Amino acid sequence: MSKELTLAFIGGGNMASALASGLIGKRRGAHDVLVIDPGEQARARWESQGVLTAQAPDERLGARQVWIFAVKPQFLKQAVESCRPYLTPETLVISVAAGISAGSLSQWLGKNGKPWTRLIRCMPNTPALIGAGAAGLLALEGVGDDDRALAQQMLGAVGEVVWVRDDAGIDAVTALSGSGPAYVFLFLEAMIQGGISQGLPEADARKLALATFTGATQLAGLSHESLGTLRERVTSKGGTTAAALDVFEKEGLVRMVHQAMQAARDRAAGLSAEFS
Ligand SMILES: NC(=O)c1ccc[n+]([C@@H]2O[C@H](COP(=O)([O-])OP(=O)(O)OC[C@H]3O[C@@H](n4cnc5c(N)ncnc54)[C@H](OP(=O)(O)O)[C@@H]3O)[C@@H](O)[C@H]2O)c1
C-alpha cells in the first residue's frame, strides 16, 4: 500500500470504525482518512482520533483514491448520488452495504448510462474491530490487479478475506460470516444460561463458554484433521458428549442452522429488491 494512498469512508458508524481500527496506526495515519457522516456525534468521535471529517461530500472526497461506502442499505442510493459528482477515473469504490447488488451500485455510480465498474462489493463482519474479521469480496470488471491487491491488503489487515464470483456469493458470505457473529453470540448465551441453570456462577459460566469457543476454534484452525474427526475425539460411545450430541441431532440443530442461513441469504436478496 503506497504512502500517498488516501481513503474516504462515507458513513462513519460501526463498520467504518471496525475497518478503520485495523488501518489507522498500522498502515496509515489518521490524516489519510476522511469520514463523511451527517451525524455530529459520529464526526466528533472521529475528529478526536485526528481523522478529517465532513458533514457532506465536497472537493476533498474527489482527491481520495479509495471510497468505502459504509451506510445502511436504505441510505446507500442517496449517499452514492451525493458523492457521484466527485468520482474521478482514479477512484476505487468499495461498498460494505448488505444486500445491495454490485450491479445496482454500478448503475447508481455510472454517468450517461455507463455503469461504473471500478467497484468492489465487500461483506465484512464486526470482529474486524479487533483484527479478527472475515470478509468476502466481489470485483467488477473495471477492477485491476493493483486494486484487487489493495483491497486484499486493506481487508486483510483486519481479518480473513475470500473472493467470490457474483452477488449470490456475497449473499452466501453474508449468511455465513456477515451475520455469523450473532449466531455465535446466541450459542454462547445459550451455553452460559445452561451452565447457570446447572448451578455455575454466571462469571464462571461465561469464562468457560468463551474459552471453549476460542479453544475449539484455535484447535480446529491448527489441526490437519477434519472437524468431524475432532468432534469424534471428544465423543466416546455412551459418554456425556454423545448424550448431548444425540439431543442436537434429534432436535435437528444442523437443519436449523441451514434454515437460518437460508433466511439470512433470502433477506439479503429481499433487501436488494427493496432498495435497488
Ligand atoms: N454491523 C455489522 O455487523 C455489519 C456487517 C457487515 C456489513 N455491514 C454493513 O455496513 C453498513 C454500515 O453498517 P453499520 O452497522 O456501520 O451502520 P451504522 O452504525 O448505522 O453507521 C452508518 C453511518 O452512516 C451515516 N449516514 C447515514 N446516511 C449517510 C449519508 N448519506 N452519507 C454519509 N453517512 C451517512 C449514519 O448516520 P445516522 O446514524 O445519523 O443516520 C451512521 O453514522 C451497512 O450497510 C451494513 O449492511 C454491517
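Shown above is the structure to which this text applies.
Since the model is a prediction, treat every value here as computed from it, not as a measurement.

1. Examining the sheet that holds strand 7 (residues 133-139)
Strand order across the open sheet formed by eight strands is 3-2-1-4-5-6-7-8, with mixed pairing between neighbours. If you trace the sheet from one side to the other, it starts and ends with strand 3 (52-54) and strand 8 (159-163), each paired once. Here the average twist between neighbouring strands, direction ignored, is 25 degrees. Where strand 6 (residues 119-123) meets strand 7, four bridges bridge the pair, whose relative direction is antiparallel.

2. As for helix 5 (residues 102-109)
Most of helix 5 is tucked away: six of the eight residues are buried. Looking only at helix 5, the buried set comprises Ala102, Ser104, Leu105, Ser106, Trp108 and Leu109.

3. A closer look at the environment of Ala128
Relative to the helices and strands, Ala128 is located in the loop between strand 6 and strand 7. As for Ala128 and Ala54, which are separated by 74 residues in sequence, their C-alpha atoms are 24 Å apart. What Ala128 contacts, discounting residues up to four positions off in sequence, is Ala18, Leu19, Ser21, Gly133 and Val158.

4. Quick word on unusual backbone geometry
Positive phi, close to 50 degrees, is recorded for Asn112, a residue that is not glycine. Within the secondary structure layout, Asn112 lies in the loop between helix 5 and strand 6.

5. Regarding the packing of aromatic side chains
In the structure shown here, the tally under the stated rule is four aromatic pairs. For the ring pair Phe187 and Phe248, a centre distance of 6.1 Å and an interplane angle of 45 degrees mean the geometry is tilted. Placement of the pair is Phe187 in helix 8 (residues 180-197) and Phe248 in helix 11 (residues 240-251), with a sequence separation of 61 residues. Classification of Phe248 by relative accessible area gives partly exposed; the value is 36%. An aromatic cluster of at least three residues, connected via ring pairs, comprises Phe187, Phe213 and Phe248. The residue whose ring lies beneath Arg148 is Trp163, and the NZ or CZ to ring-centre distance is 4.5 Å.

Calculation rules
Residues numbered from 1 in each chain as written. Predicted model: local features only at pLDDT ≥ 70, side-chain atom pairs only at ≥ 80, totals over all residues. Heavy atoms only, no water. Pairing = 2+ DSSP bridges. Helix = DSSP H or I, 4+ residues; strand = E, 2+ residues; numbered from the N terminus. Axes fitted to C-alpha atoms, helices over the stretch in contact; angles between N-to-C directions. Buried < 20%, exposed > 50% of the residue type's maximum accessible area, 1.4 Å probe, protein only. Contact = heavy atoms within 4.5 Å. Phe/Tyr/Trp six-rings, centres within 6.5 Å; stacked < 30°, edge-to-face > 60°. Lys NZ or Arg CZ within 6 Å of the ring centre and 35° of its normal.

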